[in-house]
Number of protein chains: 2
Amino acid sequence: MVIPPESLTAPQRTQVEGLGAGTQPEPAIHAFNISVEPPSLGDARGDAERLLGAMQSQHGLACESIDLHVLRDLPPRLRQYAWCCQAVVRGGKVIGVGPTAGRLFGLAVDLGTTKIAGYLVDLGTGETRASLGMMNPQIECGEDVITRASFATRPDGRQRLQEMATGALNRLVADLCGQAGARSEDIADAVIVGNTAMHHMLLGLPVAQLVVSPFAPAITHAMDLKARDIGLHIASAASVHLPPNIAGFVGADHVAMLLASGAAEEPGPLLALDVGTNTEVSLVHGGRIASVSCASGPALEGGHIKDGMRAAPGAIERVRILNQGSQPASVQYQTVDDAPPVGICGSGILDALAQLRNAGLLSPEGRLTAEHPLIRGEGRQRGFLLAEGAEPGRQAITLTQKDVREVQLAKAAIRSGIQALMEGAGCREEDICQVIIAGAFGSYIDVASAIDIGMLPVLPPDRFRQVGNAAGAGARLALLSVPQRAAAQSIASRVRYLELAGTRHFMETFVEASYLVRYRLRGGSRAAV
Amino acid sequence: MVIPPESLTAPQRTQVEGLGAGTQPEPAIHAFNISVEPPSLGDARGDAERLLGAMQSQHGLACESIDLHVLRDLPPRLRQYAWCCQAVVRGGKVIGVGPTAGRLFGLAVDLGTTKIAGYLVDLGTGETRASLGMMNPQIECGEDVITRASFATRPDGRQRLQEMATGALNRLVADLCGQAGARSEDIADAVIVGNTAMHHMLLGLPVAQLVVSPFAPAITHAMDLKARDIGLHIASAASVHLPPNIAGFVGADHVAMLLASGAAEEPGPLLALDVGTNTEVSLVHGGRIASVSCASGPALEGGHIKDGMRAAPGAIERVRILNQGSQPASVQYQTVDDAPPVGICGSGILDALAQLRNAGLLSPEGRLTAEHPLIRGEGRQRGFLLAEGAEPGRQAITLTQKDVREVQLAKAAIRSGIQALMEGAGCREEDICQVIIAGAFGSYIDVASAIDIGMLPVLPPDRFRQVGNAAGAGARLALLSVPQRAAAQSIASRVRYLELAGTRHFMETFVEASYLVRYRLRGGSRAAV
């Protein structure tokens, strides 16, 4: 029953790498070839003073100090290199000494609750030399932020989460270096973005206060730390830059997305969404930015769904219900990598709901109709049959009534968040000129389906832009360019964070937003479109 | 045969604490009581931003960041202290958060090759609350700098020496805190001085290049490090300030001595000496400072002397040879703590040589006369009997011909160093208006004896000032006062280091200076006074 690909909209997998491409490298670190005067009995200066003096006279650089770890290697290295070396400088400090004309790499990381994406970037050319993804090993301490935060309150829990995060990054670094033929000690700078909880866990900051009202972060400002202070094994004196967070549930990954997508510079009204277990939404309008965090839960990533799964091979990612005459008769689907179906992922779930609505098998309130040959089972198992078991003994894949409810909660949370922003800014949905959807899930959804079930506002298709891992692209921009770091800080400081629980009409809006119809919301009321 | 104390010059043990007393505390760190606004749903700022904002609004302080380790404790502490706390600030960074009106201590250390002296100072009042000395445990890796530097070249040798140094400092901190009823986490700042090799070993810097010509230090500039970066267990975000070194064998301890004694501010000509295994000598003259390092060896500290010992209980520290008629007949001595004699320390050795010369038992060339009842033994054991064995079975204490040779080498090295400075500056010895003698040994010697054997120039007694552990006093000054740190840096940058091996007449001077007579030196020639 697998259908030919051309009958479905191809998921957009290629836009990720385009964001921010062509940025002129203006990194935080610079390398200089230096010829150092050897010591003599008539010249009692230290090796450090020799190096700093040569940098001043040969490059006009007034460096103030040399990192302790670099200093520990300086005397043998200067002698090994016969007094000609490359000095790596960051903000007036020498953070590396190596052979002349050595290569300089940077590390950019999007540290997600579930997945970690890493990029090895040549800081001279701006090229991404390797990129890799891996699961966040903290998952074993809790799939979601709340469970993980509770783990952090155990004795040594915080330290263990910290070590897990840096352990994962160190493996990522080793693999990226293997891929690019680089050495970890050649990585002289790093930028890491993540949500606020991942940021805190990476730094060993407490999260207990982050997950209870009023959800206070330990810090939101951008930070610059020594890589070694968090156990990250790159060049021993390298820094790690952590772009600013916005609030307890809107982190630096969202800032990075706003940066990479260019959203913050648009006149707007523009919506920018990172869809996930938490969905962060920003409204850019007339130079202002307002952000909310929506507790959308795991349903859109396949969690809490009977046959749900992540977008791995065999996941149903597209669904069409075909009519025979005027009656829905059969299901077409597409799976990731065209593998035999083993479950359904978020984009497939959205499609399925929209198709069930269009076929008249699902009410606007989200109730599956009583009678149809493809609606089977009883009680909690009752559901719409998407795919027979691919092989004998393998279970059929169904979308149950309970699954529908989970998706309704998820999409109502997102839509209510959007609505709170629109109301706060006095904007009308129909005036929105662009909707940017970021994140793995956001890249693969069929926007038309999302509109049909009322998850997204009704707007012409050309106003939607699915941008993939924009957070990772933002991290790379910040890695490559100090002005981009400043731009990220400027974006974060422009953002007004809106706590949904404190907004007007929230409960009414949430109830209205759970309906599976195309609509406009205004002041908590729904108008069909 | 113990003599009454009044017949001997009492060693000057009390001047140490006087240096730099009354300095107005202007420490590098400051504490502020802050009332922080608790978070609310309408205020998404992080705890860090709340604290920094309150510091700005309540004290006009524009702090830029909070140390990572402080940030890790900030959320629970702010809640524990009900949002009222004391913030400790250093150079625009928050380095501590504690309960309001907490006490602030500082640690000053003189890290010697043999002995470590530590002081716990109240940074509010400037009072020294506790002081302690201990042996440097690195001694087990070599008594002198050269042996220890060779140990450093073994695998892990450098790291082991580093850990020994910080291990000793951590024990010192614990003991000082015990003495003063303080907690190590209340120590928010530290200053450590030592010779260049001890400085390097404490920081884990390589020393191989330091002990071979041209004796190049890794660094001479002053440094500010995080205490945790060298494993020092004081407040986790505290800094350690290391005043500048001058050259490979003239370290920050000498700078601290010049600072505390006020030597650098004198018009001069003034000589300032730190006597030890290496003796550092500075000549201050007309606003300029020149320094040399003299390889005086261990003899003046009791090393390489048959019955030599440090100035511990039972060490003979004063010697007088009494005449019967015109013949030397008996020996009077004083021991440390008036304990039964078990050996002889540096000041006793100098006295013994001077008394033997005055008694006509020792030639100007350093040869013991052939015939005298107190000159006994044969070959290498031949020597002057200072004390019979105190108890049956305990050995007699003698000063041998070989011991005399060791002292001659030591004092010739020091005198040659002085002479090189005088020649370099075109000064005459008789114009020297002050000679400052620092260090444990220097405090206890009888200056008259040192002049009599030609170790020190012939000058009236009132031109000599024995100042005790001036390096420790200088460390306390730098701890208490940022302007004093600047003054130390200014002193170091004014110093011209003179490498003795490269000076004119060095060998002639050395030979002349080995004579055991009072004399003036000029251009390598000796003139009796």
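Residues numbered from 1 in each chain as written. Chains lettered and ligands numbered in written order. Predicted model: local features only at pLDDT ≥ 70, side-chain atom pairs only at ≥ 80, totals over all residues. Heavy atoms only, no water.

Asks: How should the side chain of Q138(A) be read in this particular structure?
Replies: All names here are of chain A. For Q138, the position within the fold is in the loop between β7 (128-135) and α3 (145-152). According to the relative accessible area criterion, Q138 is buried, its value standing at 1%. If near-sequence neighbours (up to four positions away) are discounted, Q138 is found in contact with R148, L161, M164, A165, M198 and M201. (Helix = DSSP H or I, 4+ residues; strand = E, 2+ residues; numbered from the N terminus. Buried < 20%, exposed > 50% of the residue type's maximum accessible area, 1.4 Å probe, protein only. Contact = heavy atoms within 4.5 Å.)

Asks: Would you mind showing me how to read the packing of helix α1 (residues 47-59) of chain A against helix α2 (residues 68-80) of chain A here?
Replies: Angle between the axes and distance between the axes: these two values describe a pair of packed helices. Residue and element names in this part refer to chain A. Direction vectors running N to C along α1 and α2 enclose 75 degrees, while the axes themselves pass 10 Å from each other. Considering the angle they form, α1 stands roughly perpendicular to α2. Within the contact between the two elements, α1 uses D47, A48 and L51 and α2 uses L71, L74, P75, L78 and R79. Among the residues making up the contact of α1 with α2, the classes are represented as 6 nonpolar, no polar and 2 charged. (Axes fitted to C-alpha atoms, helices over the stretch in contact; angles between N-to-C directions. Parallel < 35°, antiparallel > 145°, perpendicular 65-115°, else oblique. Nonpolar A, V, L, I, M, F, W, Y, C, P; charged D, E, K, R; others polar.)

Asks: Before we go on, may I ask you to explain the packing of helix α6 (residues 252-261) of chain A against helix α11 (residues 470-480) of chain A in this structure?
Replies: All names here are of chain A. Contact geometry of α6 with α11 gives a least axis separation of 7 Å together with a crossing angle of 80 degrees. The orientation of α6 relative to α11 falls into the category roughly perpendicular. Residues D253, A256, M257, L259 and A260 of α6 lie in contact with α11, whose contacting residues are A470, A471, A473, G474, A475 and L477. Of the residues in the contact of α6 with α11, the class split is 9 nonpolar, 1 polar and 1 charged.

Asks: Please clarify how the environment of A501(A) should be interpreted in this entry.
Replies: With respect to the secondary-structure elements, A501(A) resides in the loop between β22 (495-497) and α13 (506-513). Measuring from C-alpha to C-alpha, the distance between A501(A) and S213(A) comes to 10.0 Å, with 288 residues separating the pair along the chain.

Asks: Got a minute to help me understand the interface of chain A and chain B in this structure?
Replies: With 39 residues of chain A at the contact, the number on the chain B side is 39 residues. For the pair chain A and chain B, the summed buried area comes to about 3,200 Å², and 65% of that belongs to carbon and sulfur atoms. Considering only the surface of chain A that becomes buried against chain B, L41(A), L68(A) and R72(A) emerge as the three largest contributors, covering 19% of it. Joining chain A to chain B, the criterion identifies 2 salt bridges. Between R228(A) and D229(B) there is a salt bridge; the shortest N-O distance is 3.8 Å. Put simply, chain A and chain B have 14 residue pairs in polar contact (both at pLDDT 80 or more) between them. Mapped by element, the contributors of at least two residues to the side of chain A that touches chain B are α1, α2 and β9 (223-226) of chain A. Per element, the largest residue contribution to the side of chain A that touches chain B is 6 residues, and it comes from α2(A). The class makeup of the residues in the side of chain A that touches chain B is 23 nonpolar, 7 polar and 9 charged. (Buried area = accessible area lost by both parts, 1.4 Å probe. Salt bridge = Lys/Arg side-chain N within 4 Å of Asp/Glu carboxyl O. Polar contact = N/O pair within 3.5 Å; in protein donor to acceptor, adjacent residues only side chain to side chain.)

Asks: Looking at this model, I keep getting lost on the relation of the copies chain A and chain B. Mind explaining?
Replies: Between the two copies of this chain, the relationship is a rotation about some axis together with a displacement along it. Between chain A and chain B, which share one sequence, the superposing operator has a rotation angle of 180 degrees and an axial displacement of 0.1 Å; the RMSD is 0.1 Å. What the superposition gives is, in effect, a two-fold axis relating one chain to the other. For chain A, the residue whose C-alpha comes nearest the rotation axis is D229(A), separated from it by 4.5 Å. A high fraction, 100%, of the interface residues of chain A reappear at the interface in chain B, so the copies pair face to face through one surface. (Least-squares fit on C-alpha atoms with pLDDT ≥ 70 in both.)

Asks: Help me understand the packing of aromatic side chains, please; the structure alone is not making it clear to me.
Replies: Each pair of aromatic rings is reported with the distance of its centres and the angle of its planes. Residue and element names in this part refer to chain A. With the rule as written, the count across this model stands at 4 aromatic pairs over all chains. Relative to F249, the ring of F215 lies with its centre 5.9 Å away and its plane at 80 degrees, an arrangement referred to as edge-to-face. In this pair, F215 is assigned in the loop between α5 (196-203) and β9 and F249 in the loop between β10 (239-242) and α6, connecting sequence segments 34 residues apart. What makes F215 partly exposed here is its relative accessible area of 23%. Relative accessible area serves as the criterion here: at 16%, F249 is assigned to the buried category. Above the face of the Y119 ring, R476 is positioned so that its terminal group lies 4.1 Å from the ring centre. (Phe/Tyr/Trp six-rings, centres within 6.5 Å; stacked < 30°, edge-to-face > 60°. Lys NZ or Arg CZ within 6 Å of the ring centre and 35° of its normal.)

Asks: Could you clarify how one ought to interpret the sheet that holds strand β4 (residues 93-98) of chain B in this entry?
Replies: Sheets are built from strands that pair by backbone hydrogen bonding, the pairs being arranged parallel or antiparallel. Residues and elements named next belong to chain B. Across the sheet, 4 strands lie side by side as β1-β3-β4-β2; this open sheet has mixed pairing. Edge positions in the open sheet fall to β1 (29-35) and β2 (65-66), since each of these has one partner strand only. Where strand β3 (residues 84-90) and β4 come together, 5 bridges link them in antiparallel fashion. Within β4, the position partnered with V88 by the bridge is G96. Helix-sheet contacts for helix α1 (residues 47-59) involve β1, β2, β3 and β4, and the interaxial angle to β1 is about 100 degrees. (Pairing = 2+ DSSP bridges.)

Asks: Where do I start with the pattern of salt bridges in this structure?
Replies: Side chains bearing opposite charge may pair, as long as their charged atoms lie close to each other. Per the counting criterion, the structure on display carries 56 salt bridges over all chains. In this structure, the salt-bridge partner of R90(A) is D189(A), at a minimum N-O distance of 4.0 Å. Separated by 99 residues along the polypeptide, R90(A) in strand β3 (residues 84-90) and D189(A) in strand β8 (residues 187-194) bring together distant segments of the chain. Residue classification places R90(A) among the buried residues on the basis of a relative accessible area of 17%. Its relative accessible area of 0% is what places D189(A) among the buried residues. With its nearest N and O atoms 3.0 Å apart, the salt bridge here joins D43(B) to R50(B). Side by side, D43(B) and R50(B) carry an identical accessibility label, which is buried. Taken together, the shared-partner salt bridges connect E37(A), D43(A), R45(A), D47(A), R50(A) and R79(A) into one network.

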